[in-house]
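Report on the structure
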Amino acid sequence: EAAVTQSPRNKVAVTGGKVTLSCNQTNNHNNMYWYRQDTGHGLRLIHYSYGAGSTEKGDIPDGYKASRPSQENFSLILELATPSQTSVYFCASGDRLGASQNTLYFGAGTRLSVL
Amino acid sequence: GDSVTQTEGPVTVSESESLIINCTYSATSIAYPNLFWYVRYPGEGLQLLLKVITAGQKGSSRGFEATYNKETTSFHLQKASVQESDSAVYYCALGDQGADRLTFGKGTQLIIQP
């Protein structure tokens, strides 16, 4: 079964600390995405990737880095976490071609609190 | 830029009543928008509910329907008779043909009263 798994599911971090959010997909999709969801906002795209070794900036990339070391894994890195990065983060995978065209598959989300 | 506006929640509906969640879009950079409804049940990630990639067509799934209206730039979600299990957050989204990137609305929380 196609799946996107995020870890951790919940994280409490301190201001100025480094946080890494991980995402693994078994869909064999080329594209992967990191979104954040805040009250009063739709999902906003932070970074995305077209494949291993590729990362692209989304709409709100400031304060975040991304890493795609393999087809399956896509990480979001907060080098110096700030309270404004407190949010729920969603990872997704998708592909342009094939049966899953135009469909994104999401993980269950990571709730991050930066104190 | 592209944007999606949907009914502000929470929306409360009694079981077996009808439902409509409004969605309108602005696609300034996309020549042929594809439209989507995603749903997020408590504790889960978003999952695709339905999608329509051709103007004038209707999509349907699990009793929900939405028609892609290019003239009114709308993609309203409807259901004739809701169930308690429909309680969730619903997101309208807009993408290009390749759907490399989706633009999401703010989400509408739906609460079904028994």
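See the structure above.
Residues numbered from 1 in each chain as written. Chains lettered and ligands numbered in written order. Predicted model: local features only at pLDDT ≥ 70, side-chain atom pairs only at ≥ 80, totals over all residues. Heavy atoms only, no water.

**Topic: the layout of surface pockets**
Remark: the empty space left among the atoms is shown by a probe the size of a water molecule rolled over them. Space inside the largest pocket adds up to approximately 510 Å³. Forming the boundary of the largest pocket are 21 residues, of which Q37, T39 and G40 of chain A together with K106 and G107 of chain B lie nearest the centre. Every element with two or more residues in the lining of the largest pocket is listed here: β1 (3-6), β10 (88-95) and β12 (108-113) of chain B. The dominant element in the lining of the largest pocket, judged by the number of residues it contributes, is β1 of chain B, at three residues. When the residues that make up the lining of the largest pocket are grouped by side-chain class, the tally is five nonpolar, eleven polar and five charged. Here the second largest pocket defines a volume of roughly 340 Å³. Lining of the second largest pocket is provided by 20 residues; of these, D59 of chain A together with D2, L102, T103 and F104 of chain B occupy positions nearest its centre. Of all the secondary-structure elements, those providing two or more residues to the lining of the second largest pocket are β5 (44-49) of chain A together with β10 and β11 (102-104) of chain B. Residues that form the lining of the second largest pocket fall into these classes: nine nonpolar, five polar and six charged. (1 Å grid on protein atoms, 1.4 Å probe; cavity = no way out; pocket = protein on both sides within 12 Å on 5 of 7 lines; lining within 4 Å. Points joined across faces, edges and corners; volume = space filled by probe spheres on them. Helix = DSSP H or I, 4+ residues; strand = E, 2+ residues; numbered from the N terminus. Nonpolar A, V, L, I, M, F, W, Y, C, P; charged D, E, K, R; others polar.)

**Details of the sheet that holds strand β3 (residues 19-25) of chain A**
Residues and elements named next belong to chain A. One open sheet holds the four strands; their spatial order is β1-β3-β8-β7, and the pairing between them is antiparallel. Only two strands of the sheet have a single neighbouring strand rather than two, namely β1 (4-7) and β7 (65-67). Taking the axes of each pair of neighbouring strands and ignoring which way they run, one obtains an average angle of 20° across the sheet. Where β7 lies against strand β8 (residues 75-78), three bridges are found, and the strand directions are antiparallel. By the bridge assignment, A66 is partnered in β8 with L76. (Pairing = 2+ DSSP bridges. Axes fitted to C-alpha atoms, helices over the stretch in contact; angles between N-to-C directions.)

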